[in-house]
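The chain contents come next:
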Protein chains: 2
Amino acid sequence: MSQPLTGPELAGSCPIPKSRYPEITMGHGAGGQLMEDLIHRIIVPTFDNDILAALEDQATLSLPQSDSRLAFTTDSYVVQPLFFPGGDIGKLAVHGTVNDLAVGGARPLALSAGLILEEGLPIETLERVLRSMGEACRDADVRLVTGDTKVVERGKGDQIFINTSGVGLVAKDRTLSIASVRSGDKLIVSGTLGDHGIAILSVREGLEFETTIESDSAPLSGLTEKVLATGAPVRVMRDLTRGGLSSVLHELARSSQVGLVLEESAIPLKREVRAACEILGLDPLYVANEGKLVAAVPAESAEDVLDAMRQHPLGADAAIVGEAVADHPTMVLMRSAVGGERVVTMISGEQLPRIC
Amino acid sequence: MSQPLTGPELAGSCPIPKSRYPEITMGHGAGGQLMEDLIHRIIVPTFDNDILAALEDQATLSLPQSDSRLAFTTDSYVVQPLFFPGGDIGKLAVHGTVNDLAVGGARPLALSAGLILEEGLPIETLERVLRSMGEACRDADVRLVTGDTKVVERGKGDQIFINTSGVGLVAKDRTLSIASVRSGDKLIVSGTLGDHGIAILSVREGLEFETTIESDSAPLSGLTEKVLATGAPVRVMRDLTRGGLSSVLHELARSSQVGLVLEESAIPLKREVRAACEILGLDPLYVANEGKLVAAVPAESAEDVLDAMRQHPLGADAAIVGEAVADHPTMVLMRSAVGGERVVTMISGEQLPRIC
């Protein structure tokens, strides 16, 4: 998915003509360019409001008489298989939404769950998923307070889809934003990339490695609290889900109008994940994670934030992986271990469908 | 679905043995007893918290320094067909969630949207649904502020499923609750019953009547404001969706430990809906509405509330349809026009699948 830098025509994204996709394709759900197109061309104009248009992972709304703002986020989970090494759809549904609140600096307050069940789903499977959601809620110290269940006919769904929405409180003066990254800022990832996507794919493809690759699905609220407690003027944090680190960096680069440069040798990768990516022809930059984030911080605070992350179990492998530059705004480059730079393109459509 | 009163063994609900349903059936999504069973036996114990266990249409959470509480609700919409007389899945998704906030006395603040799209969905269909959602948001004076889109393979979904979650603010001292109905309270419905369900079914079955039966899909927040502005000590309001008036009344009767008696002749019904119900063998008490509510109010306030409803376009056909009694707690009875009472049983499972 990355390609050698041969000229300006290979800039981060190329617009897709409307007529090329008269129908929804799997790629529209892959966190890449097709989805961006859908969001920017149809969704944002239709609902026409500043909060949605900001395209943060969570909306924030002012509250009367309060020194907090309300953070509000939603995600649906359609992962297949439902159960995989290191997690299941229930855990994912809790972690993913908790993480969308946490990376905005919000303290998760409560979750909702909307279940869409396929007729014929064994009640036992449902119970197993719900138990797992319950455990994940307790782990993340968040309550699931409201829900809804719908059933669709056999063949009109796929076992279980789960929507979780979440509300949280964020300090009024907190200004994390994807539009706030400045040239010179350092990019810090909280751990190894690609574990979740490769765990799912290994199950689907029946791949076996020396050790089982487990999803990194985890609630990041403890880690983000650690980071914010440093008092460092963190610009933005984002969890790295569909489309992986690459998709998030493209969003940052575009919204903040900066260039980003990654150091290939600095990117933390598990040996097995690297091997699996080589076998499967995947670039780990595009593979989904469910318990990792990237933070952009001013250079002078980078070591403090890195230390804070490393003190948390979910940040043990945190690393500074790159920086923002004034050159080539909106473009993401990768500097390889042997020198030389290549453009990291934005994933266009499907890489790993139904990963979350 | 209603049956003659022949003895106490026909009480409102009969427990369903666990082993009878090892799998999810369409009935588990129908707003009746199977769904209740799922909620009480699995969901509430798993997530074990008072707010969820209250089973109101919306959760409420306290907010720091505020004289408001946060109302939070979620619903998924899987209606088929997507477009029907009087509405579509997009309108429904906005109205339904706005209504769940409104009946709790909350002022809707913002909505989220989680789309699950089936591969192959024409982009044009998606645009039409989204435009309709946008209009419905403007009508209901609520902003859609955050969203998520997932795509599933052809045959693993059904065109579009939409989850909307909503947040709103409710005065701290507002105490609407399904557990607060007292003997002597009057039951007021805001208009004719069954329009939405019969509109959907007419399209599905290709039924034609003199006039097209249109869904009553509408945002009830204006109507609920009118009602609350009377200052009457309203016990509870509920919108009448899946399972119709019957399901809501069973919830009230059980939670408040009162009996309820309906006057058959007082129940507002459109002539065409009555005719359709007769042809189809349906009881309008069980048919879904998407722009109607029931309120329980002390007898001395009933006329005030009724007047307030009737002054609003969505309450023009409001009527007092029954009352709460000390006799036969948890049971719902219907007094027929010719005298005589019958038990209104709780719908057990499927009546009209995928009505919302």
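Keep in mind it's a predicted model, so treat the numbers as computed, not measured.

## A look at the packing of aromatic side chains
The description of two aromatic rings rests on the distance between their centres and on the angle between their planes.
Now for step 1: For the structure shown, the criterion picks out two aromatic pairs over all chains.
Now for step 2: Judged by centre distance (6.4 Å) and plane angle (85 degrees), the ring pair of Phe72(A) and Phe72(B) falls under edge-to-face. Remark: Phe72(B) occurs in strand 3 (residues 68-77) and Phe72(A) occurs in strand 3 (residues 68-77); the pair is interchain, linking two chains.
Now for step 3: Measuring from ring centre to ring centre gives 6.3 Å for Phe161(A) and Phe161(B), while their planes differ by 45 degrees; the resulting arrangement is tilted. Within this pair, whereas Phe161(A) is found in strand 8 (residues 160-171), its partner Phe161(B) is found in strand 8 (residues 160-171), the two belonging to separate chains.
Now for step 4: Assessed through its relative accessible area of 1%, Phe161(A) is described here as buried.

## Some thoughts on the domain arrangement of chain A
All names here are of chain A.
Now for step 1: Domain boundaries in chain A define domain 1 (54-171) and domain 2 (186-343).
Now for step 2: With 21 residues of domain 1 in contact, the opposing surface of domain 2 contributes 23 residues.
Now for step 3: A combined buried area of about 1,800 Å² lies between domain 1 and domain 2, and 57% of that area is made up of carbon and sulfur atoms.
Now for step 4: It is Pro-85, Asn-99 and Val-103 in domain 1 that bury the most area against domain 2; as a group they hold 30% of the surface buried on that side.
Now for step 5: Between domain 1 and domain 2 we count two salt bridges in total.
Now for step 6: Where Asp-57 meets Arg-238, a salt bridge forms, and the shortest distance between an N and an O atom there is 3.2 Å.
Now for step 7: Between domain 1 and domain 2 we count nine residue pairs in polar contact (both at pLDDT 80 or more) in total.
Now for step 8: At eight residues, helix 3 (residues 89-102) tops the list of elements feeding residues into the side of domain 1 that touches domain 2.
Now for step 9: Partitioning the side of domain 1 that touches domain 2 into residue classes produces eleven nonpolar, six polar and four charged.

## Some thoughts on the interface of chain A and chain B
Now for step 1: In this assembly, 83 residues from chain A lie in contact with 83 residues from chain B.
Now for step 2: Across the chain A/chain B interface, buried area totals approximately 6,800 Å², and carbon plus sulfur atoms make up 66% of it.
Now for step 3: The interface formed by chain A and chain B includes ten salt bridges.
Now for step 4: The interface formed by chain A and chain B contains 25 residue pairs in polar contact (both at pLDDT 80 or more).
Now for step 5: Of all the secondary-structure elements, those providing two or more residues to the side of chain A that touches chain B are helix 1 (33-47), helix 2 (50-53), strand 2 (59-62), strand 3, strand 6 (107-118), helix 4 (123-140), strand 7 (143-152) and strand 8 of chain A.
Now for step 6: Across the side of chain A that touches chain B, the residue classes tally to 40 nonpolar, 23 polar and 20 charged.

## Details of the pairing of strand 14 (residues 332-335) of chain A
All names here are of chain A.
Now for step 1: In the sheet, strand 11 (residues 259-263) pairs with strand 14 via four bridges, with the strands oriented parallel. Of the residues in strand 14, the one forming a bridge with Glu-263 is Arg-335.
Now for step 2: The hairpin turn running from strand 14 into strand 15 (residues 341-343), its antiparallel successor, is five residues long, and Gly-339 in that turn takes a positive phi close to 90 degrees.

## Let's talk about the relation of the copies chain A and chain B
Now for step 1: Mapping chain A onto chain B calls for a rotation angle of 180 degrees and an axial translation of 0.0 Å; the resulting RMSD is 0.0 Å. Expressed as a symmetry operation, the mapping of one chain copy onto the other fits a two-fold axis. Residue Gly157(A), judged by its C-alpha, is the member of chain A lying nearest the rotation axis, at 2.1 Å.
Now for step 2: Of the interface residues in chain A, 100% have counterparts in chain B that sit at the interface too, so the contact is made through matching surfaces.

## Some remarks on the environment of Ala71(A)
Residues and elements named next belong to chain A.
Now for step 1: With respect to the helices and strands, Ala-71 occurs in strand 3.
Now for step 2: What makes Ala-71 buried here is its relative accessible area of 1%.
Now for step 3: Sequence separation between Ala-71 and Ser-132 is 61 residues, and the spatial gap between their C-alpha atoms is 25 Å.
Now for step 4: Beyond its immediate stretch of four places on either side in the chain, Ala-71 contacts Gln-58, Ala-59, Thr-60, Leu-101, Ala-106, Gly-166, Val-167, Gly-168 and Val-170.

## Regarding the sheet that holds strand 2 (residues 59-62) of chain B
Residue and element names in this part refer to chain B.
Now for step 1: On the basis of which strands lie adjacent, the open sheet formed by five strands has the order 2-3-8-6-7 and mixed pairing. Both outer strands of the open sheet, strand 2 and strand 7 (143-152), are each paired with one neighbouring strand and no more. On average, each strand axis in the sheet is inclined to that of its neighbour by 20 degrees, with strand direction left out of account.
Now for step 2: Here strand 3 runs beside strand 8; their pairing, made up of ten bridges, is antiparallel. Bridged to Arg-69 within strand 8 is Val-170.
Now for step 3: Relative to strand 3, helix 3 (residues 89-102) is tilted by about 150 degrees, and along the sheet it contacts strand 3, strand 6 (107-118) and strand 8.

About the thresholds
- Residues numbered from 1 in each chain as written.
- Chains lettered and ligands numbered in written order.
- Predicted model: local features only at pLDDT ≥ 70, side-chain atom pairs only at ≥ 80, totals over all residues.
- Heavy atoms only, no water.
- Phe/Tyr/Trp six-rings, centres within 6.5 Å; stacked < 30°, edge-to-face > 60°.
- Helix = DSSP H or I, 4+ residues; strand = E, 2+ residues; numbered from the N terminus.
- Buried < 20%, exposed > 50% of the residue type's maximum accessible area, 1.4 Å probe, protein only.
- Domains from an automatic or database assignment.
- Contact = heavy atoms within 4.5 Å.
- Buried area = accessible area lost by both parts, 1.4 Å probe.
- Salt bridge = Lys/Arg side-chain N within 4 Å of Asp/Glu carboxyl O.
- Polar contact = N/O pair within 3.5 Å; in protein donor to acceptor, adjacent residues only side chain to side chain.
- Nonpolar A, V, L, I, M, F, W, Y, C, P; charged D, E, K, R; others polar.
- Pairing = 2+ DSSP bridges.
- Least-squares fit on C-alpha atoms with pLDDT ≥ 70 in both.
- Axes fitted to C-alpha atoms, helices over the stretch in contact; angles between N-to-C directions.

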